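# Topology and contacts: notes
One letter stands for each residue in the lines below.
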Amino acid sequence: MKYGLFGEKKSEFNFWGGIVIAAYHTILISLVVSTLFSIWLFKKKGNKWLGVLIGFCINTLLLSVATIIFYKVYNVKEVEGLFSNLGIFVFVFFIPIITCINFYILEFVKSKNILSNN
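Below or above, wherever it landed, is the structure these notes cover. Please read these numbers as outputs of a predicted model, since none were measured by experiment.

Moving on: the pattern of salt bridges. As enumerated under the stated definition, the model contains 1 salt bridge in all. Among the ionic pairs, E107 bridges to K48, the shortest N-O distance being 2.4 Å. Linking E107 in helix α3 (residues 90–117) with K48 in helix α2 (residues 48–72), this pair joins segments that are 59 residues apart in sequence. For E107, a relative accessible area of 31% gives the class partly exposed.

Have a look at this one:
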């Protein structure tokens with residue numbers, strides 16, 4: 001245990017705890033970015049399935065790059081926390097889940113557009 005300037009106890013930085021938080025933030029950022037692009041394309045083209053396809057492609061790209069970065073740069077082989085049994089493949093596991101969430105968000109946006117047009 002380390003002590004600060006005034007004698008207070010300071011906890012040491014936990015590197016792996018930071019990696020876990022970074023991994024979950026990466027998944028959340030992928031969800032937000034793919035959802036924004038899917039909604040933008042859906043409103044521009046009017047095709048829900050094209051929006052879902054673009055969301056899937058963006059998720060695949062972002063989360064695959066994140067897997068490579070976390071594995072090569074940070075030498076992370078396991079991610080602790082709720083999905084610890086998946087290891088580094090936690091990113092690949094979330095690609096279809098985020099795509100499904102994007103589908104339901106686009107369905108919601110579509111129903112809101114139908115209701116607002118009437």
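Let us now look at the environment of W40. Counting through the fold element by element, W40 comes out in helix α1 (residues 15–45). Among the residues examined, W40 registers a relative accessible area of 49% and is labelled partly exposed. Measuring from C-alpha to C-alpha, the distance between W40 and G51 comes to 8.1 Å, with 11 residues separating the pair along the chain.

Inspection of the secondary structure puts T67 in helix α2. The class of T67 is buried, set by a relative accessible area of 13%. If sequence neighbours within four positions are ignored, T67 has contacts with I88, F91 and V92.

What counts, and at which threshold
Residues numbered from 1 in each chain as written. Predicted model: local features only at pLDDT ≥ 70, side-chain atom pairs only at ≥ 80, totals over all residues. Heavy atoms only, no water. Salt bridge = Lys/Arg side-chain N within 4 Å of Asp/Glu carboxyl O. Helix = DSSP H or I, 4+ residues; strand = E, 2+ residues; numbered from the N terminus. Buried < 20%, exposed > 50% of the residue type's maximum accessible area, 1.4 Å probe, protein only. Contact = heavy atoms within 4.5 Å.

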